[in-house]
Each structure stands twice: as C-alpha cells, then as structure tokens.
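Summary of the model geometry
Next come the chains, spelled out residue by residue.
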Amino acid sequence: MDICVMVNAPVLYCDDSILQIKLDNKYSFAKGHICTLPFKDCIMDGAGHLLTPYMIASKEDESGRFLYYLTKKDTISMNLPKCRIPGVYIDSDEKYIAQLDAYQQRENEYIFRVLALLHVFKSGNIGTHDTFFEFKFSKGIYHDCRNHKSNNVECNIVDNREFSLSSKEQVACNLFLAEFAGNAYTLLEAAIVKFISAIHSTDSVNVFEQLISTLELLLLDYDQRGRKEVLSKRVAAMLGVDRDNMRELFLRMRLFYKYRSESLHGGDEQQIAKNDVYELEEIVRGILKIYLRKCKNGLSENPCVNWNAIKQKTICDLIKRIEETEENCFAV
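Here's a quick rundown of the structure.

Each value, and the rule that gives it
Residues numbered from 1 in each chain as written. Predicted model: local features only at pLDDT ≥ 70, side-chain atom pairs only at ≥ 80, totals over all residues. Heavy atoms only, no water. Helix = DSSP H or I, 4+ residues; strand = E, 2+ residues; numbered from the N terminus. Buried < 20%, exposed > 50% of the residue type's maximum accessible area, 1.4 Å probe, protein only. Contact = heavy atoms within 4.5 Å. Areas by Shrake-Rupley, 256 points an atom, 1.4 Å probe, with all protein chains shown as cover. Salt bridge = Lys/Arg side-chain N within 4 Å of Asp/Glu carboxyl O. Pairing = 2+ DSSP bridges. Phe/Tyr/Trp six-rings, centres within 6.5 Å; stacked < 30°, edge-to-face > 60°. 1 Å grid on protein atoms, 1.4 Å probe; cavity = no way out; pocket = protein on both sides within 12 Å on 5 of 7 lines; lining within 4 Å. Points joined across faces, edges and corners; volume = space filled by probe spheres on them. Nonpolar A, V, L, I, M, F, W, Y, C, P; charged D, E, K, R; others polar.

This next bit is on the overall build of the protein. Counting its regular elements, the protein contains nine helices and nine strands. With respect to the principal axes defined by its C-alpha atoms, the protein has extents near 80 × 50 × 40 Å. By the burial criterion, 48% of the 332 residues in the protein qualify as buried. For the protein, long-range pairs separated by at least 24 residues make up 73% of all intrachain contacts whose partners lie at least 6 apart in sequence. For the protein, the accessible area works out to roughly 16800 Å², and carbon and sulfur atoms hold 50% of it.

So, in structure tokens, the structure goes:
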C-alpha cells in the first residue's frame, strides 16, 4: 500500500541564502510565515504562542513572523496494519510501527548529514529543534493519518551566529554538498559527528576541549607521545600555506593545547576567550575539509579504502613535510 508522507523540519539561525541550497533525496529549503505553515500547531503552546526556540529564531517582515524549514513530500510502500474486522485496523501493529520508525530514522540521518556538512562548510549556528512527520493512507472508506515528532536539537541554544552565504558561497556550498555528501562523508563521519557535538555544546570551555579532541582523533595515533608538540606541528603542516603561516599556526596550537590542558587538569578556564574558541573551530573546519577531499580521492583510487588507511597516509605525508621544513620554523 502506498503511504503519503510529509516531512517538515524548521531550520533555525539562517537567512534567505539557505533557499539557494540544492538538496537531493526530494528535500528542499523553504520559507513560510507562521500562519501558513503546515506544522504551525506543533510549534505553538496552548495559548497560541510560539514555543521559545522558534520565537528566538523566527524573523519578521511586513507580513508577520516567519521561519525557514526543510521540507519533503514522499510516497512510500508499506505493509498496512492488521485488519481484523473490515475497515478496522490495529493501531498497535508492531510491524507497521517498525516500518514508520525505520523511515523516520533514515530521514533524520539524512537531515543530520546535510546540516553537518553545512557546519563543515562554514560557521553559523544552523540547526533543527524538531522534525515533524505526517503519514497518510486510504483504503476504501478507511483513512489513516498519523503525526510523529522527532526531537533532534541540532543547534547551540546560546550561539547567535547566523548561517549566511554570499552569492559565491552559495555556488561553492552546492558543489561542496554534491561532492561530499556520499561515501566521503561516511568515511569521515566519526570525526564530523565529534566536531558537531563540540560546537553544539553550550559551555565554551567544553567546546574548546572537544575541538582539541577532534584534532587528536584526526591527526594523532591512539598511543601518541608528546601530543602537544606533534599535534601542533601536524596542524601547521596540514593548513600552513608557507613557512611563516606554518610557524604562526604551530605557536597558536601550542598555546591552545596549553589552555586545554590547564582547563582539563587544573580547572583554569579564564584564559579561554570566545574568539579563541571560534579560531580553533575554524582550524578544525579547515582540517575536516582537507580530509573530505582526501577521502574522496582515496575512494576514487580504491573503493574499499577505510578511514584508518586514509589517516595513516595523511600522517605519513605530514611527517615528511615537517621533516622538510626549516627546523627553526618549529622552534619554541
């Protein structure tokens, strides 16, 4: 039996530029005034007021308040719930419910992937709070409509940075999503998820610590000795465009690692400023972008390549570049 599905997920902390982003899997970004939204009743309280997350993130123009959202219309085939008596279906049919749950899980994973890649592409607190699913089918005189909600808070509730793209960035972002949303993302998924978890934290100190941990996952072996020096050199070698830039990155990373160690082991959180957090976030973002390219290239050479092989080859290349760099570049 064909089931008609509508998926809607309000997207917070973005602007009109998001409407130019092209997605696959039948999704698109849309903009709608609150009074016209098909899910408006789901984002209001009993008194008809917008729930707090949507009030904070909504915007207003001459026609009233509005939101951006991800939307999708779909038709899927499912086995109907059991019919014991003509026209009477069993709402608690476990197999039917399992089919709905599996569909929701796949869609939530896709939405997370899109938003995660947008975070890797550029800074900005874009995210969702809830995803709404509507399932409808008809058979004879029987009509069934089920509304489900997934609560997936994929944004930082205290970060007011808006995700906004220039015209050139819109083109680049569409190319970025088309190029890396497949197997390249899958190879790098663990590190990207760790990065997203870090920047979604409401505690800036925890964000800082988790961003350093993400870099360790990307650039260090599990039993790495001299982690501060090695990590600082490898970040510099991976992102540095020339000797002076490499030295600057090396010294910044040593300082950031010192901040992280003092915070983690000594409870000293005073030295970590918001600008330091944002700078470190950009460093991790730059490393992730390079790794996505390496994953894509690695897959084109060997479709069976795994993450560990990509990482070890990258580390070997970085060690070679560090060895070829003037020694005083990494002097302290």
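Once you've had a look at it, read on.
Take the pattern of salt bridges next. On inspection of all chains with the given rule, the structure shows 21 salt bridges. A salt bridge links arginine 227 to glutamate 216; its shortest N-O distance comes to 3.5 Å. Here glutamate 216 lies in helix H5 (residues 204-219) and arginine 227 lies in helix H6 (residues 227-239), a separation of 11 residues in the sequence. Note that arginine 254 and glutamate 229 form a salt bridge whose closest N and O atoms lie 2.6 Å from each other.

Counting buried positions over the 14 residues of strand E4 (residues 64-77) gives 10, a clear majority of the element. For strand E2 (residues 28-33) and E4, the ladder comprises six bridges, and the chain directions are antiparallel. Across the sheet, glycine 32 pairs through a bridge with leucine 67, a residue of E4. Strand direction decides the pairing type here: strand E3 (residues 59-61) and E4, joined by three bridges, are antiparallel. Bridge assignment links lysine 59 to a residue of E4, and that residue is phenylalanine 66. If you look at the hairpin formed by E3 and E4, you'll find two residues sitting between the two strands.

Turning next to the environment of proline 38. Structurally, the position occupied by proline 38 is in the loop between E2 and helix H1 (52-57). With relative accessibility at 60%, the residue proline 38 sits in the exposed group.

We note that tyrosine 13 has phi near 60 degrees; this positive angle belongs to a residue other than glycine. Tyrosine 13 gets classed as buried once you look at its relative accessible area, which sits at 13%.

A few words on the packing of aromatic side chains. Aromatic ring pairs are defined here through the distance separating the ring centres and the angle between the ring planes. Taken as a whole and assessed by the stated rule, the structure comprises 13 aromatic pairs. Centroid distance phenylalanine 176 to phenylalanine 180: 5.2 Å. Interplanar angle 65 degrees. Geometry classified as edge-to-face. Here the residue phenylalanine 176 and the residue phenylalanine 180 both occupy positions in helix H3 (residues 167-180), the gap between them amounting to four residues, near one helical turn. Grouping residues by exposure puts phenylalanine 176 and phenylalanine 180 together as buried.

Turning to the side chain of threonine 214, a few remarks are in order. In this structure, threonine 214 sits in helix H5. Once residues lying within four places of it in the same chain are set aside, the contact partners of threonine 214 are Ala191, Lys194, Phe195 and Val284.

The next point concerns the environment of valine 5. Mapping valine 5 onto the fold places it in strand E1 (residues 2-12). In this structure, the C-alpha to C-alpha distance between valine 5 and threonine 314, residues 309 residues apart in sequence, is 43 Å. Apart from the residues within four sequence positions on either side, valine 5 is in contact with Lys72, Lys73, Asp74, Ile76, Tyr103, Glu134 and Phe135.

Take empty space enclosed by the protein next. Scanning the model with the defined rule gives one cavity of 30 Å³ or more in all. Of the volumes computed, that of the largest cavity is approximately 40 Å³. In terms of lining residues, the largest cavity is bounded by His119, Gly124, Asn125, Asn156, Asp159, Arg161, Ile199, His200, Glu281 and Arg285. Across the lining of the largest cavity, the residue classes break down as one nonpolar, five polar and four charged.

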